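Letter by letter, the chains look like this.
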Amino acid sequence: MRPSTLELLEKLDDAFRKQMVPLLDDDHAKARAAILVQLIGHLHQRVRIEGECLWDEYAELCELLADCASAFPAIEISAAIESAAALISADQYPSMPLLAERNEILRSCLVDVIASLDGLPAETRTVWEGRVFRYLRAQLDRDLLLSTSPALGDAAGSAELPLV
């Protein structure tokens, strides 16, 4: 579909930076314009990679939760995984809201796992804490991808959005 969402954001960014920002005289308006440029960049970055991030998060959560199901029998981990999987059928387009909702089901289950870690014997707890922390680190890295350059621009603050 042309123009794509990315192309529209790039045109919006270009027009705003080149046609509107130079006309601003007021320092307050310039500061607000700089925020809008950052938001446009953030949207551009998010549109480019959000689906892949949600997809990767789902796979990692499924693996982690399936592995720890036997260590946390009081938590309905299998039911959460099944519920998340059933949210998107094989013949359905996995929209961003559906992908996010699917992951939220699993994140909620992970919260229950984290809350239950203290109930494990020390040695077992250490193993599961390590697994959970590795997942959380990977999730933080994905979140950082969604909130960094080009959204915040380069050091000079004048970087234009990359063509995709």
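Predicted model, so just to flag it, every value in this text is computed and none were measured. (Residues numbered from 1 in each chain as written. Predicted model: local features only at pLDDT ≥ 70, side-chain atom pairs only at ≥ 80, totals over all residues. Heavy atoms only, no water.)

**Student:** Can you break down a nonpolar patch on the surface residue by residue, with the values?
**Tutor:** Taken together, Ile 35, Leu 36 and Leu 39 make up a surface patch of nonpolar side chains, about 260 Å² in accessible area. With respect to the element layout, Leu 36 can be found in helix α2 (residues 27–68). (Patch = residues over 30% accessible without salt bridge, like charges linked within 9 Å, V, L, I, M, F, W, Y side chains within 5 Å. Areas by Shrake-Rupley, 256 points an atom, 1.4 Å probe, with all protein chains shown as cover. Salt bridge = Lys/Arg side-chain N within 4 Å of Asp/Glu carboxyl O. Helix = DSSP H or I, 4+ residues; strand = E, 2+ residues; numbered from the N terminus.)

**Student:** I'd like a description of the environment of Leu 99, backed by residues and values.
**Tutor:** By the secondary structure assignment, Leu 99 is in helix α4 (residues 96–116). When neighbours within four sequence positions are excluded, Leu 99 is seen to be in contact with Gly 51, Leu 54, Trp 55, Ile 88 and Pro 94. (Contact = heavy atoms within 4.5 Å.)

**Student:** So what's going on with α2? Residues and values would help.
**Tutor:** In an α-helix, one turn spans 3.6 residues, which is why side chains three or four residues apart end up on the same side. Its axis deflected by about 50 degrees at Ile 49, α2 carries its strongest bend there. Between a side-chain oxygen at the N-terminus of α2 and the backbone nitrogen of His 28 the separation is 3.2 Å; the capping residue is Asp 26. (Bend = angle between axes of the 7 residues up to and from the residue. Polar contact = N/O pair within 3.5 Å; in protein donor to acceptor, adjacent residues only side chain to side chain.)

**Student:** Tell me about the packing of α4 against helix α5 (residues 122–146), residues and numbers included.
**Tutor:** Where α4 contacts α5, the two axes come as close as 11 Å, and the packing angle between them is 140 degrees. When the axes of α4 and α5 are compared, the pair comes out oblique. When the axes of α4 and α5 are compared, the crossing they make is left-handed. Between α4, through Leu 110, Val 113 and Ile 114, and α5, the contact on the second element is made entirely by Val 132, Tyr 135 and Leu 136. The residue makeup of the contact of α4 with α5, split by class, is 6 nonpolar, no polar and no charged. (Axes fitted to C-alpha atoms, helices over the stretch in contact; angles between N-to-C directions. Parallel < 35°, antiparallel > 145°, perpendicular 65-115°, else oblique. Left-handed = near helix turned anticlockwise from the far one by under 90°. Nonpolar A, V, L, I, M, F, W, Y, C, P; charged D, E, K, R; others polar.)

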